[in-house]
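Chain by chain, the residues run as shown.
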Amino acid sequence: MALDKMGFNSKLIHAGADKDQFGSATVPIYQTSTFGFKSADDGAKCFSGENDGFIYTRIGNPTIQALERQIAILEGGFGGIATASGMGAISTIYMGLLKQGDHMVSTNAVYGPSRVVMESYFSKFGVESTYITTSNIDNIKKAIKPNTKVLYIETPTNPTMEITDLEACVALAREHNIITVVDNTFCSPYLQRPLEFGIDVVLHSMTKFINGHADIVAGMIVTRNEELCKVLRSAMVNMGCNMDPHQAYLVLRGVKTLAIRVERAQQNAIKVAEYLENHPKVEWVKYPGLKSHPQYKLAQKQMDGPGAMISFELKGGFNAGKTLMDNVKLAMLAVSLGGVETLIQHPASMTHSKLSAEAKEKANITQGLVRFAVGIEDVEDIIADLDQALAKV
Ligand SMILES: *Cc1c(COP(=O)(O)O)cnc(C)c1O
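On a predicted model such as this, the values are computed, not experimentally measured, just so you know.

1. Considerations on empty space enclosed by the protein
Across all of its chains, the model carries four cavities of 30 Å³ or more by this definition. By volume, the largest cavity amounts to about 60 Å³. As for the largest cavity, its lining consists of Thr57, Arg58, Ile59, Gly60, Asn61, Ile64, Glu68, Ala82, Arg233, Met236, Asn242 and Met243. Elements that contribute at least two residues to the lining of the largest cavity include exactly helix H3 (62–75) and helix H9 (226–239). In this structure, the second largest cavity encloses a volume near 50 Å³. Across the lining of the second largest cavity, the residue classes break down as six nonpolar, three polar and one charged.

Here's what the structure looks like:
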(Lines give C-alpha, C1' and ligand atoms only; values in the text may rest on other atoms or scores of the structure.)
Protein backbone atom coordinates (compact mmCIF):
# COMPACT_ATOMS: atom_id res chain seq x y z
CA MET A 1 0.00 0.00 0.00
CA ALA A 2 1.36 3.43 -0.93
CA LEU A 3 2.41 5.51 2.07
CA ASP A 4 0.46 8.58 0.97
CA LYS A 5 -2.77 6.52 0.97
CA MET A 6 -2.24 5.35 4.56
CA GLY A 7 -3.88 6.85 7.62
CA PHE A 8 -1.82 8.63 10.28
CA ASN A 9 -1.55 5.58 12.56
CA SER A 10 -0.32 3.35 9.74
CA LYS A 11 2.22 5.98 8.70
CA LEU A 12 3.57 5.98 12.27
CA ILE A 13 4.33 2.27 11.96
CA HIS A 14 5.42 2.06 8.32
CA ALA A 15 6.84 5.41 7.17
CA GLY A 16 10.10 4.98 9.11
CA ALA A 17 10.66 1.36 8.16
CA ASP A 18 13.31 0.88 5.54
CA LYS A 19 13.89 -2.86 5.12
CA ASP A 20 17.57 -3.74 4.99
CA GLN A 21 19.03 -6.77 3.18
CA PHE A 22 17.96 -9.05 6.09
CA GLY A 23 14.42 -7.68 6.20
CA SER A 24 14.84 -6.38 9.76
CA ALA A 25 11.65 -4.98 11.31
CA THR A 26 13.47 -1.89 12.61
CA VAL A 27 16.02 0.43 11.03
CA PRO A 28 19.53 -0.62 12.15
CA ILE A 29 21.85 1.87 13.85
CA TYR A 30 24.47 2.69 11.22
CA GLN A 31 27.25 3.48 13.69
CA THR A 32 29.74 4.95 11.29
CA SER A 33 31.26 8.35 10.66
CA THR A 34 32.10 7.76 7.02
CA PHE A 35 31.02 5.67 3.99
CA GLY A 36 33.28 4.06 1.37
CA PHE A 37 32.73 4.90 -2.30
CA LYS A 38 32.60 2.08 -4.88
CA SER A 39 34.97 3.91 -7.24
CA ALA A 40 36.41 7.32 -8.00
CA ASP A 41 33.51 7.86 -10.35
CA ASP A 42 30.96 6.93 -7.65
CA GLY A 43 32.71 9.28 -5.19
CA ALA A 44 32.53 12.11 -7.69
CA LYS A 45 28.85 11.46 -8.34
CA CYS A 46 28.02 11.29 -4.60
CA PHE A 47 29.60 14.71 -4.15
CA SER A 48 27.90 16.24 -7.18
CA GLY A 49 24.53 14.87 -6.02
CA GLU A 50 24.10 12.71 -9.13
CA ASN A 51 24.31 9.56 -6.94
CA ASP A 52 22.43 9.65 -3.66
CA GLY A 53 24.94 7.51 -1.74
CA PHE A 54 26.06 8.47 1.75
CA ILE A 55 29.33 10.34 2.27
CA TYR A 56 29.80 11.29 5.93
CA THR A 57 27.42 11.09 8.91
CA ARG A 58 27.27 14.85 9.55
CA ILE A 59 25.91 15.19 5.99
CA GLY A 60 23.65 12.13 6.05
CA ASN A 61 23.25 8.65 7.55
CA PRO A 62 20.70 5.89 6.76
CA THR A 63 19.27 5.71 10.32
CA ILE A 64 18.86 9.48 10.48
CA GLN A 65 17.46 9.63 6.94
CA ALA A 66 14.74 7.09 7.83
CA LEU A 67 13.61 9.35 10.68
CA GLU A 68 13.74 12.49 8.50
CA ARG A 69 11.55 10.79 5.94
CA GLN A 70 9.10 9.61 8.58
CA ILE A 71 8.55 12.99 10.26
CA ALA A 72 8.30 14.75 6.87
CA ILE A 73 5.54 12.31 5.89
CA LEU A 74 3.70 12.83 9.20
CA GLU A 75 3.81 16.64 8.79
CA GLY A 76 2.97 16.45 5.07
CA GLY A 77 6.16 18.23 4.01
CA PHE A 78 8.75 17.90 1.25
CA GLY A 79 11.62 16.78 3.48
CA GLY A 80 12.97 16.59 7.00
CA ILE A 81 16.25 17.74 8.54
CA ALA A 82 17.17 16.07 11.82
CA THR A 83 19.14 18.06 14.40
CA ALA A 84 20.93 17.35 17.68
CA SER A 85 18.23 19.17 19.67
CA GLY A 86 15.18 21.38 19.29
CA MET A 87 17.46 24.38 19.80
CA GLY A 88 19.71 23.00 17.03
CA ALA A 89 16.68 23.12 14.72
CA ILE A 90 15.82 26.68 15.77
CA SER A 91 19.40 27.97 15.39
CA THR A 92 19.63 26.29 11.98
CA ILE A 93 16.41 28.01 10.87
CA TYR A 94 17.62 31.46 12.00
CA MET A 95 21.01 30.90 10.37
CA GLY A 96 19.53 29.63 7.12
CA LEU A 97 16.75 32.18 6.67
CA LEU A 98 18.10 35.47 8.06
CA LYS A 99 20.99 37.77 7.21
CA GLN A 100 22.33 41.12 8.39
CA GLY A 101 19.66 43.81 8.15
CA ASP A 102 16.74 41.35 8.16
CA HIS A 103 13.92 41.47 10.69
CA MET A 104 11.93 38.68 12.36
CA VAL A 105 8.50 38.95 14.01
CA SER A 106 7.75 36.40 16.72
CA THR A 107 5.42 35.34 19.54
CA ASN A 108 6.42 37.01 22.83
CA ALA A 109 5.73 33.92 24.93
CA VAL A 110 7.97 31.81 22.67
CA TYR A 111 10.16 29.06 24.21
CA GLY A 112 12.75 31.04 26.24
CA PRO A 113 16.03 29.96 24.59
CA SER A 114 14.53 30.59 21.10
CA ARG A 115 14.33 34.22 22.09
CA VAL A 116 17.74 34.25 23.81
CA VAL A 117 19.46 32.97 20.65
CA MET A 118 17.80 35.71 18.59
CA GLU A 119 18.19 38.62 21.02
CA SER A 120 21.64 37.80 22.43
CA TYR A 121 23.42 36.22 19.45
CA PHE A 122 21.78 37.03 16.11
CA SER A 123 21.43 40.66 17.21
CA LYS A 124 25.26 40.75 17.23
CA PHE A 125 25.15 40.10 13.48
CA GLY A 126 22.59 42.82 12.81
CA VAL A 127 19.39 40.75 12.73
CA GLU A 128 16.45 42.66 14.22
CA SER A 129 13.47 41.10 15.98
CA THR A 130 10.10 42.13 17.43
CA TYR A 131 8.24 39.99 19.97
CA ILE A 132 4.49 40.49 20.27
CA THR A 133 1.29 38.71 21.27
CA THR A 134 0.61 36.91 17.98
CA SER A 135 -2.78 35.57 19.11
CA ASN A 136 -3.96 39.02 17.98
CA ILE A 137 -3.31 39.20 14.22
CA ASP A 138 -3.42 43.02 14.24
CA ASN A 139 -0.28 43.00 16.39
CA ILE A 140 1.53 41.08 13.63
CA LYS A 141 0.30 43.50 10.96
CA LYS A 142 1.68 46.41 12.97
CA ALA A 143 5.01 44.70 13.62
CA ILE A 144 5.79 43.91 9.97
CA LYS A 145 8.46 46.17 8.46
CA PRO A 146 9.88 46.40 4.92
CA ASN A 147 12.83 44.21 6.02
CA THR A 148 10.72 41.53 7.77
CA LYS A 149 11.77 38.16 6.35
CA VAL A 150 10.50 35.63 8.88
CA LEU A 151 7.33 35.23 10.96
CA TYR A 152 8.14 32.75 13.75
CA ILE A 153 5.08 31.40 15.61
CA GLU A 154 4.56 29.14 18.57
CA THR A 155 0.99 27.95 19.13
CA PRO A 156 -0.21 27.11 21.75
CA THR A 157 2.33 29.08 23.77
CA ASN A 158 4.17 27.89 26.82
CA PRO A 159 2.96 28.22 29.57
CA THR A 160 0.20 30.71 28.74
CA MET A 161 -1.65 28.49 26.21
CA GLU A 162 -2.38 31.31 23.76
CA ILE A 163 -3.31 30.23 20.25
CA THR A 164 -2.31 31.98 17.02
CA ASP A 165 -4.43 31.68 13.86
CA LEU A 166 -2.16 29.87 11.37
CA GLU A 167 -4.31 30.51 8.30
CA ALA A 168 -4.43 34.25 9.02
CA CYS A 169 -0.63 34.29 9.52
CA VAL A 170 -0.08 32.63 6.15
CA ALA A 171 -2.38 35.09 4.34
CA LEU A 172 -0.59 38.05 5.89
CA ALA A 173 2.90 36.65 5.32
CA ARG A 174 2.22 35.90 1.64
CA GLU A 175 1.16 39.52 1.06
CA HIS A 176 4.56 40.62 2.34
CA ASN A 177 6.75 37.81 0.99
CA ILE A 178 7.59 36.59 4.48
CA ILE A 179 8.62 33.00 5.31
CA THR A 180 6.44 31.45 8.04
CA VAL A 181 7.89 29.13 10.69
CA VAL A 182 5.96 27.23 13.38
CA ASP A 183 7.38 25.51 16.47
CA ASN A 184 4.95 22.56 16.61
CA THR A 185 6.50 20.88 19.67
CA PHE A 186 3.45 21.29 21.94
CA CYS A 187 1.07 19.54 19.53
CA SER A 188 3.14 17.03 17.57
CA PRO A 189 1.90 16.23 14.03
CA TYR A 190 -0.81 14.07 15.59
CA LEU A 191 -2.69 17.17 16.77
CA GLN A 192 -1.58 19.96 14.43
CA ARG A 193 -0.01 20.02 10.96
CA PRO A 194 0.86 23.66 10.18
CA LEU A 195 1.98 22.89 6.60
CA GLU A 196 -1.66 22.03 5.79
CA PHE A 197 -2.50 25.68 6.49
CA GLY A 198 0.27 26.92 4.19
CA ILE A 199 3.06 27.41 6.74
CA ASP A 200 6.54 27.09 5.13
CA VAL A 201 8.67 25.51 7.86
CA VAL A 202 7.77 23.40 10.92
CA LEU A 203 10.17 22.49 13.70
CA HIS A 204 10.07 20.16 16.68
CA SER A 205 11.86 19.53 19.87
CA MET A 206 11.45 15.76 19.42
CA THR A 207 12.67 15.56 23.03
CA LYS A 208 8.98 16.04 23.87
CA PHE A 209 5.97 14.22 22.34
CA ILE A 210 7.59 12.72 19.22
CA ASN A 211 10.17 10.67 21.11
CA GLY A 212 7.94 10.67 24.18
CA HIS A 213 10.01 8.67 26.65
CA ALA A 214 12.13 11.37 28.33
CA ASP A 215 15.35 9.57 27.40
CA ILE A 216 16.93 11.79 24.73
CA VAL A 217 17.16 15.34 23.36
CA ALA A 218 16.54 15.73 19.60
CA GLY A 219 15.16 18.13 16.98
CA MET A 220 13.62 18.14 13.50
CA ILE A 221 12.84 20.66 10.76
CA VAL A 222 10.27 19.91 8.03
CA THR A 223 9.88 22.20 5.01
CA ARG A 224 7.04 22.74 2.56
CA ASN A 225 9.29 22.78 -0.51
CA GLU A 226 12.59 21.58 -1.90
CA GLU A 227 14.25 24.98 -1.99
CA LEU A 228 13.82 25.63 1.75
CA CYS A 229 14.93 22.08 2.48
CA LYS A 230 18.20 22.63 0.59
CA VAL A 231 18.91 25.97 2.27
CA LEU A 232 18.25 24.64 5.77
CA ARG A 233 20.05 21.32 5.23
CA SER A 234 23.12 23.20 4.13
CA ALA A 235 22.98 25.40 7.26
CA MET A 236 22.56 22.34 9.51
CA VAL A 237 25.35 20.33 7.86
CA ASN A 238 27.85 23.16 7.81
CA MET A 239 27.18 24.34 11.36
CA GLY A 240 27.31 20.76 12.69
CA CYS A 241 23.85 20.71 14.28
CA ASN A 242 23.44 17.08 13.13
CA MET A 243 21.80 14.24 15.00
CA ASP A 244 23.58 11.07 16.08
CA PRO A 245 22.44 7.68 14.68
CA HIS A 246 21.66 6.41 18.23
CA GLN A 247 19.36 9.36 18.81
CA ALA A 248 17.64 8.68 15.49
CA TYR A 249 17.11 5.02 16.42
CA LEU A 250 15.48 5.93 19.74
CA VAL A 251 13.16 8.48 18.12
CA LEU A 252 12.20 5.94 15.43
CA ARG A 253 11.30 3.60 18.27
CA GLY A 254 9.44 6.24 20.29
CA VAL A 255 7.42 7.79 17.48
CA LYS A 256 5.65 4.53 16.61
CA THR A 257 3.38 4.98 19.65
CA LEU A 258 2.89 8.76 19.20
CA ALA A 259 -0.83 8.51 18.43
CA ILE A 260 -1.77 6.18 21.29
CA ARG A 261 0.40 8.09 23.77
CA VAL A 262 -1.00 11.52 22.83
CA GLU A 263 -4.54 10.16 22.68
CA ARG A 264 -4.29 8.70 26.20
CA ALA A 265 -2.52 11.76 27.68
CA GLN A 266 -5.16 14.00 26.10
CA GLN A 267 -8.05 11.91 27.50
CA ASN A 268 -6.43 12.25 30.93
CA ALA A 269 -5.82 15.99 30.43
CA ILE A 270 -9.49 16.68 29.62
CA LYS A 271 -10.51 15.06 32.94
CA VAL A 272 -7.74 16.79 34.92
CA ALA A 273 -8.68 20.20 33.43
CA GLU A 274 -12.33 19.69 34.40
CA TYR A 275 -11.30 18.63 37.92
CA LEU A 276 -9.08 21.71 38.32
CA GLU A 277 -11.72 24.08 36.96
CA ASN A 278 -14.05 22.99 39.75
CA HIS A 279 -11.46 23.17 42.54
CA PRO A 280 -12.01 25.99 45.09
CA LYS A 281 -8.28 26.76 45.41
CA VAL A 282 -7.84 27.25 41.66
CA GLU A 283 -8.41 30.75 40.25
CA TRP A 284 -8.55 29.72 36.58
CA VAL A 285 -7.51 26.94 34.20
CA LYS A 286 -6.19 27.48 30.68
CA TYR A 287 -6.65 24.47 28.45
CA PRO A 288 -7.75 24.57 24.78
CA GLY A 289 -10.29 21.79 25.47
CA LEU A 290 -12.29 23.87 27.95
CA LYS A 291 -15.08 26.14 26.69
CA SER A 292 -13.67 28.81 29.03
CA HIS A 293 -10.50 29.06 26.87
CA PRO A 294 -10.71 32.42 25.06
CA GLN A 295 -9.77 30.77 21.75
CA TYR A 296 -11.70 27.52 22.12
CA LYS A 297 -13.16 27.85 18.58
CA LEU A 298 -9.81 28.56 16.92
CA ALA A 299 -8.30 25.57 18.73
CA GLN A 300 -11.06 23.38 17.30
CA LYS A 301 -10.41 24.73 13.83
CA GLN A 302 -6.66 24.23 13.59
CA MET A 303 -5.91 21.48 16.15
CA ASP A 304 -7.18 17.89 16.02
CA GLY A 305 -7.42 17.86 19.81
CA PRO A 306 -6.65 20.04 22.84
CA GLY A 307 -3.46 18.18 23.81
CA ALA A 308 -1.97 17.27 27.16
CA MET A 309 -0.65 20.59 28.49
CA ILE A 310 -2.60 22.51 31.15
CA SER A 311 -1.86 25.82 32.87
CA PHE A 312 -3.66 26.92 36.02
CA GLU A 313 -3.46 29.70 38.57
CA LEU A 314 -3.60 29.02 42.32
CA LYS A 315 -5.53 31.52 44.43
CA GLY A 316 -2.74 31.48 47.03
CA GLY A 317 -0.08 32.92 44.66
CA PHE A 318 3.68 32.25 44.94
CA ASN A 319 3.67 30.34 48.24
CA ALA A 320 0.75 28.19 47.17
CA GLY A 321 2.71 27.29 44.02
CA LYS A 322 5.76 26.21 46.01
CA THR A 323 3.63 24.26 48.52
CA LEU A 324 1.94 22.38 45.69
CA MET A 325 5.34 21.51 44.17
CA ASP A 326 6.56 20.13 47.51
CA ASN A 327 3.52 17.94 48.07
CA VAL A 328 2.81 16.18 44.78
CA LYS A 329 3.95 12.55 44.89
CA LEU A 330 3.06 11.00 41.52
CA ALA A 331 3.69 14.07 39.36
CA MET A 332 7.41 14.64 38.90
CA LEU A 333 8.71 18.11 39.69
CA ALA A 334 10.54 18.79 36.42
CA VAL A 335 10.68 20.86 33.25
CA SER A 336 10.04 19.34 29.80
CA LEU A 337 6.80 17.74 28.63
CA GLY A 338 5.40 15.19 26.22
CA GLY A 339 6.75 12.11 27.97
CA VAL A 340 4.74 9.20 29.36
CA GLU A 341 5.09 10.55 32.92
CA THR A 342 3.16 13.47 34.42
CA LEU A 343 5.36 16.52 35.11
CA ILE A 344 4.60 19.65 37.11
CA GLN A 345 6.44 22.96 37.44
CA HIS A 346 5.96 26.43 38.92
CA PRO A 347 7.29 29.02 36.43
CA ALA A 348 7.51 31.92 38.94
CA SER A 349 9.98 30.01 41.17
CA MET A 350 11.56 27.85 38.44
CA THR A 351 11.76 28.41 34.66
CA HIS A 352 10.94 32.14 34.83
CA SER A 353 12.43 32.96 38.26
CA LYS A 354 15.23 35.09 36.79
CA LEU A 355 12.78 37.48 35.08
CA SER A 356 12.10 40.83 36.78
CA ALA A 357 8.61 41.39 38.22
CA GLU A 358 7.89 43.63 35.23
CA ALA A 359 9.09 41.07 32.66
CA LYS A 360 7.05 38.37 34.40
CA GLU A 361 3.94 40.52 34.19
CA LYS A 362 4.56 41.23 30.51
CA ALA A 363 4.94 37.51 29.78
CA ASN A 364 1.80 36.72 31.86
CA ILE A 365 3.83 34.67 34.34
CA THR A 366 1.66 35.14 37.41
CA GLN A 367 2.81 34.14 40.91
CA GLY A 368 0.49 31.17 41.30
CA LEU A 369 0.83 29.84 37.76
CA VAL A 370 1.38 26.09 37.49
CA ARG A 371 2.26 24.20 34.34
CA PHE A 372 1.04 20.64 34.23
CA ALA A 373 2.16 18.17 31.55
CA VAL A 374 -0.23 15.24 31.77
CA GLY A 375 1.18 11.74 31.30
CA ILE A 376 -0.41 8.40 30.49
CA GLU A 377 -0.83 7.06 34.05
CA ASP A 378 -4.34 6.18 35.34
CA VAL A 379 -6.22 9.48 35.47
CA GLU A 380 -7.69 8.57 38.88
CA ASP A 381 -4.14 8.47 40.28
CA ILE A 382 -3.18 11.81 38.69
CA ILE A 383 -6.28 13.49 40.13
CA ALA A 384 -5.87 11.83 43.57
CA ASP A 385 -2.29 13.11 43.68
CA LEU A 386 -3.35 16.68 42.84
CA ASP A 387 -6.21 16.41 45.33
CA GLN A 388 -4.01 15.47 48.30
CA ALA A 389 -1.40 18.10 47.37
CA LEU A 390 -4.00 20.87 46.85
CA ALA A 391 -5.45 20.04 50.29
CA LYS A 392 -2.12 21.16 51.81
CA VAL A 393 -1.99 24.46 49.87
C1 LIG B 1 11.87 21.96 24.65
C2 LIG B 1 11.44 22.92 23.62
C3 LIG B 1 12.36 23.46 22.69
C4 LIG B 1 13.84 23.17 22.74
O5 LIG B 1 14.14 21.86 22.46
P6 LIG B 1 15.42 21.06 22.99
O7 LIG B 1 15.21 19.70 22.44
O8 LIG B 1 15.39 21.12 24.50
O9 LIG B 1 16.62 21.76 22.45
C10 LIG B 1 11.86 24.31 21.72
N11 LIG B 1 10.55 24.63 21.67
C12 LIG B 1 9.66 24.16 22.55
C13 LIG B 1 8.24 24.57 22.43
C14 LIG B 1 10.07 23.28 23.56
O15 LIG B 1 9.17 22.82 24.44
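More follows now that the structure is in view.
2. Quick word on the sheet that holds strand E1 (residues 79–83)
Spatial ordering of the open sheet is given by E1-E7-E6-E5-E4-E2-E3, a layout of seven strands whose pairing is mixed. Unpaired on one side and paired on the other, E1 and strand E3 (128–132) mark the two borders of the sheet. Taking each pair of neighbouring strands and ignoring which way they run, the sheet shows an average axis angle of 20 degrees. In this structure, strand E2 (residues 103–107) lies alongside strand E4 (residues 148–154), joined through four bridges in parallel fashion. In the strand pairing of E4, Met104 is matched with Val150.

3. A look at the site of the ligand
Neighbouring residues of the ligand: 14 residues in total, closest Met87, Asp183, Ser205, Thr207 and Lys208. Here a nitrogen atom of the ligand sits 2.7 Å away from a polar atom, N or O, in the side chain of Asp183. At a separation of 2.8 Å, an oxygen atom of the ligand approaches a polar side-chain atom of Ser205. When the free accessible area of the ligand is taken as 390 Å², the share hidden by the protein chains comes to 92%. Taking a 2 Å distance to the grid points as the criterion, the majority of the atoms of the ligand fall inside the largest pocket. When residues in the shell around the ligand are grouped by element, the largest group, three residues, is from helix H4 (residues 86–97).

4. Notes on the layout of surface pockets
Approximately 1,000 Å³ is the volume found for the largest pocket. Taken together, 40 residues make up the lining of the largest pocket; nearest its centre are Val110, Tyr111, Gly112, Pro113 and His352. At the level of elements, H4, helix H5 (112–121) and helix H14 (357–362) are the ones that each hand at least two residues to the lining of the largest pocket. Across the lining of the largest pocket, the residue classes tally to 17 nonpolar, 15 polar and eight charged.

5. Description of the packing of H4 against H9
Two elements in contact, H4 and H9, have axes whose closest approach is 9 Å; the angle formed by their N-to-C orientations is 115 degrees. The two elements H4 and H9 meet at a crossing, and its hand is right-handed. Where H4 abuts H9, its residues Ser91, Thr92, Ile93, Met95, Gly96 and Leu97 lie against Leu228, Val231, Leu232, Ala235, Met236 and Met239.

6. Re unusual backbone geometry
Cis peptide bonds are those with omega within 30 degrees of zero, and the linkage from Thr155 to Pro156 qualifies with -10 degrees. In the segment running from Asn158 into Pro159, the intervening peptide bond is cis, with an omega of -5 degrees. Note that Pro159 resides in the loop between E4 and helix H7 (166–175). Its identity as a non-glycine residue notwithstanding, Met161 has a phi of 60 degrees, on the positive side. Inspection of the secondary structure assignment puts Met161 in the loop between E4 and H7. For Met161, a relative accessible area of 2% gives the class buried. A positive phi angle, near 60 degrees, is found at Asn177, a position not held by glycine. As for its position among the elements, Asn177 is in the loop between H7 and strand E5 (179–183). We classify Asn177 as exposed; its relative accessible area is 69%.

7. Remarks on the state of the cysteines
With the rule as written, the count across this model stands at zero disulfides. Free of any disulfide, Cys46 has its nearest cysteine sulfur in Cys229, 18 Å distant. No disulfide involves Cys169; its nearest neighbouring cysteine sulfur is the one of Cys187, lying 14 Å away. Using a relative accessible area of 0% as the deciding quantity, one classes Cys169 as buried.

8. Here's the deal with the environment of Gly212
Looking at the secondary structure, you find Gly212 in the loop between strand E6 (201–205) and strand E7 (219–223). Owing to a relative accessible area of 0%, Gly212 belongs among the buried residues under this scheme. For the pair Gly212 and Gly254, spaced 42 residues apart in the sequence, the C-alpha separation amounts to 6.1 Å. Excluding residues that lie within four positions of it along the chain, Gly212 makes contacts with Met206, Thr207, Arg261, Gly338, Gly339 and Val340.

9. Details of the domain arrangement of the chain
Splitting the chain by domain gives domain 1 (7–255) and domain 2 (258–390). For domain 1 and domain 2, the distance between their C-alpha centroids amounts to 27 Å. Taken residue by residue, the interface counts 34 residues in domain 1 and 34 residues in domain 2. Interface area for domain 1 against domain 2, summed over the two sides, is near 2,900 Å², with a carbon-plus-sulfur share of 60%. Among the residues domain 1 hides against domain 2, the three largest losses belong to Ile163, Leu191 and Phe209. Together they make up 25% of the total. Where domain 1 packs against domain 2, one counts three salt bridges. Between Asp165 and Lys301 there is a salt bridge, with the nearest N and O atoms lying 3.6 Å from each other. Inspection of the domain 1/domain 2 interface yields 16 residue pairs in polar contact (both at pLDDT 80 or more).

Cut-offs and rules
Residues numbered from 1 in each chain as written. Predicted model: local features only at pLDDT ≥ 70, side-chain atom pairs only at ≥ 80, totals over all residues. Heavy atoms only, no water. 1 Å grid on protein atoms, 1.4 Å probe; cavity = no way out; pocket = protein on both sides within 12 Å on 5 of 7 lines; lining within 4 Å. Points joined across faces, edges and corners; volume = space filled by probe spheres on them. Helix = DSSP H or I, 4+ residues; strand = E, 2+ residues; numbered from the N terminus. Nonpolar A, V, L, I, M, F, W, Y, C, P; charged D, E, K, R; others polar. Pairing = 2+ DSSP bridges. Axes fitted to C-alpha atoms, helices over the stretch in contact; angles between N-to-C directions. Near = heavy atom within 4 Å. Polar contact = N/O pair within 3.5 Å; in protein donor to acceptor, adjacent residues only side chain to side chain. Areas by Shrake-Rupley, 256 points an atom, 1.4 Å probe, with all protein chains shown as cover. Sits in = over half its atoms within 2 Å of the grid points. Left-handed = near helix turned anticlockwise from the far one by under 90°. Contact = heavy atoms within 4.5 Å. Buried < 20%, exposed > 50% of the residue type's maximum accessible area, 1.4 Å probe, protein only. Disulfide = S-S within 2.5 Å. Domains from an automatic or database assignment. Buried area = accessible area lost by both parts, 1.4 Å probe. Salt bridge = Lys/Arg side-chain N within 4 Å of Asp/Glu carboxyl O.

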